[in-house]
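Coordinates in review
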Amino acid sequence: MFISNAYAQSGGSTEQQLLGFLPIVLMFVVLYFLMIRPQMKRAKEHRQMLEALSKGDEVVTAGGIVGKVTKVGDGYVTLEVAQRGDEAIEMQMQKQAIQTLLPKGTIKAI
């Protein structure tokens with residue numbers, strides 16, 4: 001009386017179910033090639049730049065400080081950031097804070 005008859009819907013073929021997942025799979029593939037892969041590439045280049053860092057290199061830190069590398073340690077780098085008379089003002093930074101390696105002579109041109 002009050003309850004209507006329920007009819008089962010056919011599940012469809014397996015091919016149709018797999019085609020339903022295709023847009024989701026394509027979204028993940030596009031996400032990988034547009035976001036994840038380039039980010040991994042930049043991280044690898046940054047890591048190689050930090051490993052090749054040597055005394056005399058001119059760098060820019062993540063905070064925008066421009067300086068010349070005077071000492072390179074395992075986790076820290078000493079930067080010469082200014083001159084006061086005959087005395088050099090130096091700062092210690094974490095290696096990870098080094099953002100960009102500048103061409104030689106950039107500091108004098110600034």
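I will try to describe carefully the structure that is included in this document. (Residues numbered from 1 in each chain as written. Predicted model: local features only at pLDDT ≥ 70, side-chain atom pairs only at ≥ 80, totals over all residues. Heavy atoms only, no water.)

1. Re the sheet that holds strand 1 (residues 58–61)
Within a sheet, each strand pairs with its neighbour through backbone hydrogen bonds, oriented either parallel or antiparallel. With respect to topology, five strands assemble into an open sheet ordered 4-3-2-1-5, the strand pairing being antiparallel. At either margin of the open sheet sits one strand with a lone partner, and together these are strand 4 (87–94) and strand 5 (98–102). On average, adjacent strands in this sheet sit at an angle of 45 degrees to one another, irrespective of strand direction. Bridge count for strand 1 against strand 2 (residues 66–72) is three bridges, and the pairing is antiparallel. (Pairing = 2+ DSSP bridges. Helix = DSSP H or I, 4+ residues; strand = E, 2+ residues; numbered from the N terminus. Axes fitted to C-alpha atoms, helices over the stretch in contact; angles between N-to-C directions.)

2. As for helix 1 (residues 14–51)
Helix length check: helix 1 (38 residues) gives 52 Å between terminal C-alpha atoms against 56 Å at 1.5 Å per residue, within 8%. In the structure, helix 1 departs most strongly from a straight axis at tyrosine 32, where the bend amounts to approximately 40 degrees. (Expected span 1.5 Å × (residues − 1). Bend = angle between axes of the 7 residues up to and from the residue.)

3. Here we look at the side chain of lysine 95
By the element assignment, lysine 95 lies in the loop between strand 4 and strand 5. Buried charged residue lysine 95 carries no salt bridge. Nearest counter-charge: aspartate 74, at 6.1 Å. Those residues within four positions of lysine 95 in sequence are excluded, and the remaining contacts are Leu50, Val72, Gly73, Asp74, Gly75, Tyr76 and Val77. (Buried < 20%, exposed > 50% of the residue type's maximum accessible area, 1.4 Å probe, protein only. Lys, Arg positive; Asp, Glu negative; His and termini not counted. Salt bridge = Lys/Arg side-chain N within 4 Å of Asp/Glu carboxyl O. Contact = heavy atoms within 4.5 Å.)

4. Details of the pattern of salt bridges
This model, assessed by the stated rule, comprises one salt bridge. When the shortest N-O distance is used, the salt bridge between lysine 104 and aspartate 57 registers 3.3 Å. Within this pair, whereas lysine 104 is found in the loop between strand 5 and helix 2 (106–109), its partner aspartate 57 is found in the loop between helix 1 and strand 1, the two being separated by 47 residues in sequence. The exposure class assigned to aspartate 57 is buried, which follows from its relative accessible area of 10%.

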